[in-house]
Amino acid sequence: MILRCIECGKEYPIDEARYRCECGNLLEVVHPLETLKKKLSRKLFDERLARRDFPYNSGVWRYKELILDIDEKFIISRPEGNTNFYTSGKVAEYVGLKDILLKHEGENPTASFKDRGMTCGISAAKMLGFKRVACASTGNTSASMASYAAMAGMESIVFIPEGKIAFGKLAQALAYGAKTLQIKGDFDDAMQLVQEVCQELGIYLLNSVNPFRIEGQKAIGFEVLQQLGWQVPHWIALPGGNLGNNTALSKGFKELYELGIIEKVPRIAVVQAHGANPLYRMWKNKTSFTSVKAQTIATAIKIGNPISWKKSIRGIEWTRGVVEEVTDQEIMDAKAIVDASGIGAEPASCASIAGVRKLVRAGIINKDEKVVAILTGNLLKDPDATVNYHLGKLKGIKSNYANKPIQIEPNLEAVKKCLK
Ligand SMILES: *Cc1c(COP(=O)(O)O)cnc(C)c1O
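Residues numbered from 1 in each chain as written. Predicted model: local features only at pLDDT ≥ 70, side-chain atom pairs only at ≥ 80, totals over all residues. Heavy atoms only, no water.

## Quick look at the pairing of strand β5 (residues 101-104)
Just so we agree on the cut-off: Only protein chains enter the calculation, and the probe is 1.4 Å; a residue is then buried if its accessible area is under 20% of its type maximum, exposed if over 50%, and partly exposed in between. A run of H or I in DSSP counts as a helix once it spans at least four residues, and a run of E counts as a strand once it spans at least two, with each numbered from the N terminus. We treat two strands as partners when DSSP finds at least two bridges between them.
Every second residue of β5 is oriented toward a common face, with L101 and K103 on one face and L102 and H104 on the other, all of them buried. As paired strands, strand β4 (residues 85-86) and β5 are joined by two bridges and run antiparallel to one another. Within β5, the residue paired with F85 across the bridge is K103. Strand direction decides the pairing type here: β5 and strand β13 (residues 371-375), joined by four bridges, are parallel. Bridging across to β13, L102 finds its partner in A373.

## Some points on empty space enclosed by the protein
So the rule is basically this: Here a cavity denotes grid points, spaced 1 Å and computed from the protein atoms alone, that fit a 1.4 Å probe unable to get out, and a pocket denotes an open set having protein on both sides within 12 Å along at least 5 of 7 lines; residues with an atom within 4 Å of a point are the lining. Grid points are joined across faces, edges and corners, and a volume is the space filled by probe spheres set on the points.
Counted by the stated rule, this structure contains one cavity of 30 Å³ or more. Taken together, 29 residues line the largest cavity, and the ones lying closest to its centre are F113, K114, G241, N242 and A300. When residues of the lining of the largest cavity are traced back to their parent elements, those giving at least two are α6 (140-152), α9 (211-227) and α10 (244-258).

## Comments concerning the site of the ligand
Definition in use: Distances are taken per atom, and a residue is near a molecule or strand as soon as one of its heavy atoms is within 4 Å of it. For the purposes of these results, a polar contact is taken to be a pair of N or O atoms within 3.5 Å, where, inside protein, one atom must be able to donate a hydrogen and its partner to accept one; residues adjacent in sequence count only when each atom of the pair is a side-chain atom. For a cavity or pocket, the test is whether more than half of a molecule's atoms lie within 2 Å of its grid points; if they do, the molecule sits there.
For the ligand, the set of nearby residues contains 16 residues, the closest of which are K114, N140, G241, N245 and T376. Residue G241 places a main-chain N or O atom 2.8 Å away from an oxygen atom belonging to the ligand. Within the contact set of the ligand, a nitrogen atom lies 2.8 Å away from a side-chain nitrogen or oxygen of T376. Using a 2 Å cut-off from the grid points, one finds that the ligand occupies the largest cavity.

## Structural notes on α10
Residues spaced three or four apart along an α-helix point in a common direction, a consequence of the helix completing one turn every 3.6 residues. Heads up, the rule is: In a helix, the anticipated span is given by 1.5 Å times the number of residues less one.
A rise of 1.5 Å per residue sets the reference length of α10, with its 15 residues, at 21 Å; its end C-alpha atoms lie 21 Å apart and thus fit the reference within 8%. Burial within α10 is extensive, with twelve of its 15 residues counted as buried. When we look at burial in α10, the residues that qualify are G244, N245, N246, T247, A248, L249, S250, K251, G252, F253, E255 and L256. Of the residues trailing α10, G260 is marked for its positive phi of about 80°.

## A word on the sheet that holds strand β1 (residues 2-5)
Where we set the bar: Interaxial angles span 0 to 180 degrees and are taken between N-to-C directions of axes, which are lines fitted to C-alpha atoms, for helices over the stretch in contact. Only heavy atoms enter the contact rule, under which two residues are in contact if any of them lie within 4.5 Å.
An order of β2-β1-β3 is seen for the three strands of this open sheet, with the pairing classed as antiparallel. Two strands bound the open sheet, and with one partner strand each, they are β2 (11-13) and β3 (27-30). Across the sheet, the mean angle separating the axes of adjacent strands is 35° when strand polarity is ignored. Pairing of β1 with β2 involves three bridges; the strand directions are antiparallel. Residue pairing across strands places L3 opposite Y12, the latter belonging to β2. Strands in contact with α9 are β1 and β3; relative to β3, the strand with the most contacts, it is inclined by about 50°.

## Regarding the sheet that holds β5
Taken together, the six strands give an open sheet; going across it, the order is β4-β5-β13-β10-β11-β12, and neighbouring strands pair in mixed fashion. The two strands at the open ends of the sheet, each matched to only one other strand, are β4 and β12 (322-326). Its contacts with the sheet place α9 against β4, β5, β10 (235-239) and β13, and it is angled at close to 130° to β5.

## Details of a nonpolar patch on the surface
Keep this limit in mind: Only residues above 30% relative accessible area that lack a salt bridge enter a patch, with like-charged residues linked at up to 9 Å and the nonpolar side chains Val, Leu, Ile, Met, Phe, Trp and Tyr linked at up to 5 Å. Using the Shrake-Rupley algorithm and a 1.4 Å probe, accessible areas are obtained, with residue cover drawn only from the displayed protein chains. Note on definitions: salt bridges are taken to be side-chain nitrogens of Lys or Arg within 4 Å of carboxyl oxygens of Asp or Glu.
On the surface, I406, I408, L412, V415 and L419 cluster together to form a nonpolar patch covering roughly 520 Å² of accessible area. Of note, I408 is situated in the loop between α15 (383-390) and α16 (412-419). Under the relative-accessibility criterion, I408 is labelled partly exposed at 42%.

## Details of the pattern of salt bridges
Inspection of the entire model under this criterion finds 26 salt bridges. For R42, the salt bridge goes to E263, with nearest N and O atoms at 3.8 Å. One end of the pair, R42, is in helix α2 (residues 42-49); the other, E263, is in the loop between α10 and β11 (267-273), with 221 residues separating them in the sequence. For R42, a relative accessible area of 28% puts it in the partly exposed group. Across the pair K254 and E258 runs a salt bridge whose closest N-O atoms are separated by 3.2 Å. Here E258 and K254 lie together in helix α10, a separation of four residues that amounts to about one turn. Judged by relative accessible area, K254 falls into the partly exposed class, the value being 29%.

The following block contains the structure:
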């Protein structure tokens, strides 16, 4: 394993605490795939699937050799992953497909997919000997980091943007004991600041600029394939914010392909919120990257200057992927459908569903193609968005599928009247 610059190719040792090349571009972990070819197989991963012992009981560390092949004494695992697939006639009909599989990453220990990257990032921090970790976060990264840091006995510092951070996420960061610094600025300002702070104070940075976060998140894709008996779906749809997750999935698929474990790669559909769509603009208009001032109700993807845009675009090219955008109205309506199907997810997660619907309508996704959509976070993360939608209190958003609470007198007659 080494670290390599995605732009100039300069290499660094894996145990050097570094996120960027001297040339300023991001680094990625390179695994010795030629050597691993002899060791890794579908069979090996399937055997580990039956194990209940550390670390193979984790849906990340089951694929250890492709994640971070380190001494087990450094691994901090809760364990994460092993999340379920759901199908729903209601959701399938809504998006216009015969079938759609929803992989619920909200079933991770701190209720978002961030745990997959975090188990790897914190384990790397331990390997490197750090005692303090930090991140900028719209909420889920801080919730996850705070929990894993507490388990590892490390101090954690989170930088959150002013104004809206979803209540469930803030609660987690505080409860798990992170020093929580709310800055006067948006996520992109917080991201800028935390990089400076970590550099100056020797704190380990655990945003997805950290190459090990990406490695852990690849396991979402590995698990999808293993759950499908290694049958490759046509599409995987997921929301895009800082663009680490889609970067991870495409990197993982490329590696499996190069190892000969799969014969083709799924196409990736990255869905951004219309108000935070710099990747979409770049991809659609074939222009150079320019950041935007982000605005969307889906706070987890309210990011205007995504750190991983270069890695992300490269991965979209590898997988013949596409980028789509959806409005807040489309996100919240899709969420109402996902929620009412009994599955439930936070707003950003449902951008996947709204995006698939749009891509099916545009004829880019074929009606009989197999599609997996990633639900990135749990319904309970953002109770305000959910309740206010059903109460009709979201500014600029129509509550098309509202399920309002009804106030009644405490007697049988009143109940009967309501249930008629
Ligand atoms: C972090 C997050 C995203 C965005 O993922 P990126 O890797 O930043 O693109 C989407 N949904 C949820 C719930 C998240 O927590």
